[in-house]
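Examination of the molecular architecture
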Amino acid sequence: VSRSGELKKTLLSLFCAASVLAQLGVCLAQYVLLRRIDLYTDFPKEIGIQRAVSAVTAFTDISIACVLAYLLHTSRSGLKRSDSVINRLILYSFGSGLATGVLAIAALTLTLVSPKTFVYLLLDLLIPKGESFWGLLKLGTDRLFIVCVNSMLALFVLFASLPEKEETDGNH
């Protein structure tokens with residue numbers, strides 16, 4: 001492998017690492033901002049950080065998938081058996097990265113279109129399961145449906161545990 005090839009692989013790996021660190025940064029910022037929220041009705045006030053998290057997540061997941069597919073492709077040996085395994089790894093990494101990236105893009109779109117419906121939170125709950133979705137899509141939609149129902153129930157439990165805003169009569 002040439003020296004420039006190794007440099008290219010190193011730079012691509014550093015690019016992915018920087019993207020992951022950016023994602024960690026916006027997720028930590030989101031955590032800090034959302035810790036201040038007492039009522040679920042206040043959640044839309046922090047929609048900007050939610051949009052940033054969705055955008056960075058989509059960028060990171062798709063970037064990692066593309067870089068991993070490229071790095072695997074360039075590591076082919078020419079042997080039929082090992083190339084077959086590499087092809088499967090490329091397909092899996094690209095598919096799972098695109099699955100999580102598409103979920104993040106959909107969440108970002110929903111924060112822009114209807115930020116007060118909280119539907120985007122369902123997609124945010126599904127993003128970590130995006131890699132599993134890729135495998136579940138191969139197995140059938142019945143298991144995918146079960147994962148979606150479980151995620152919706154988790155979202156319901158989250159909002160049911162938050163207190164509602166108390167009505168004020170204006171005298172206080």
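These lines cover the structure that appears in this document, whether it is placed above or below. (Residues numbered from 1 in each chain as written. Predicted model: local features only at pLDDT ≥ 70, side-chain atom pairs only at ≥ 80, totals over all residues. Heavy atoms only, no water.)

When its secondary structure is counted, the chain shows 6 helices and 0 strands. Its helices and strands taken in sequence order, the chain reads α-α-α-α-α-α from the N to the C terminus. Taking all 172 residues of the chain together, the buried fraction comes to 34%. Partitioning the contacts of the chain with sequence separation of at least 6, the portion at a separation of at least 24 is 69%. Accessible surface computed for the chain: about 11,100 Å², of which carbon and sulfur atoms make up 67%. (Helix = DSSP H or I, 4+ residues; strand = E, 2+ residues; numbered from the N terminus. Buried < 20%, exposed > 50% of the residue type's maximum accessible area, 1.4 Å probe, protein only. Contact = heavy atoms within 4.5 Å. Areas by Shrake-Rupley, 256 points an atom, 1.4 Å probe, with all protein chains shown as cover.)

This paragraph deals with the nonpolar core. Formed by A58, L103, A104, A107, L122, L123, L126 and I127, the largest nonpolar core amounts to 8 residues. Put simply, the parts of the chain that give this core at least two residues each are α3 (80-113) and α4 (119-126). Membership of the second largest hydrophobic core comes to 6 residues, among which are I37, F43, F118 and L121. (Core = buried A, V, L, I, M, F, W, Y, C linked by side-chain atoms within 4.5 Å.)

Our next topic: the packing of aromatic side chains. By the definition in use, this model includes 1 aromatic pair. Ring plane angle 80° and centroid distance 5.8 Å describe the contact between F15 and F59, whose orientation is recorded as edge-to-face. A residue pair is termed long-range when its members are at least 10 positions apart, and F15 in helix α1 (residues 3-34) and F59 in helix α2 (residues 47-74) qualify at 44 residues. Taking the relative accessible area as the measure of exposure, F15 reaches 38% and is therefore partly exposed. Judged by relative accessible area, F59 falls into the partly exposed class, the value being 47%. (Phe/Tyr/Trp six-rings, centres within 6.5 Å; stacked < 30°, edge-to-face > 60°.)

Before going further, it helps to examine a nonpolar patch on the surface. A surface patch of nonpolar side chains, about 310 Å² in accessible area, is lined by L7, L11 and L14. On the secondary structure map, L7 appears in helix α1. (Patch = residues over 30% accessible without salt bridge, like charges linked within 9 Å, V, L, I, M, F, W, Y side chains within 5 Å. Salt bridge = Lys/Arg side-chain N within 4 Å of Asp/Glu carboxyl O.)

These results come straight from atomic positions and should not be treated as a statement about function.
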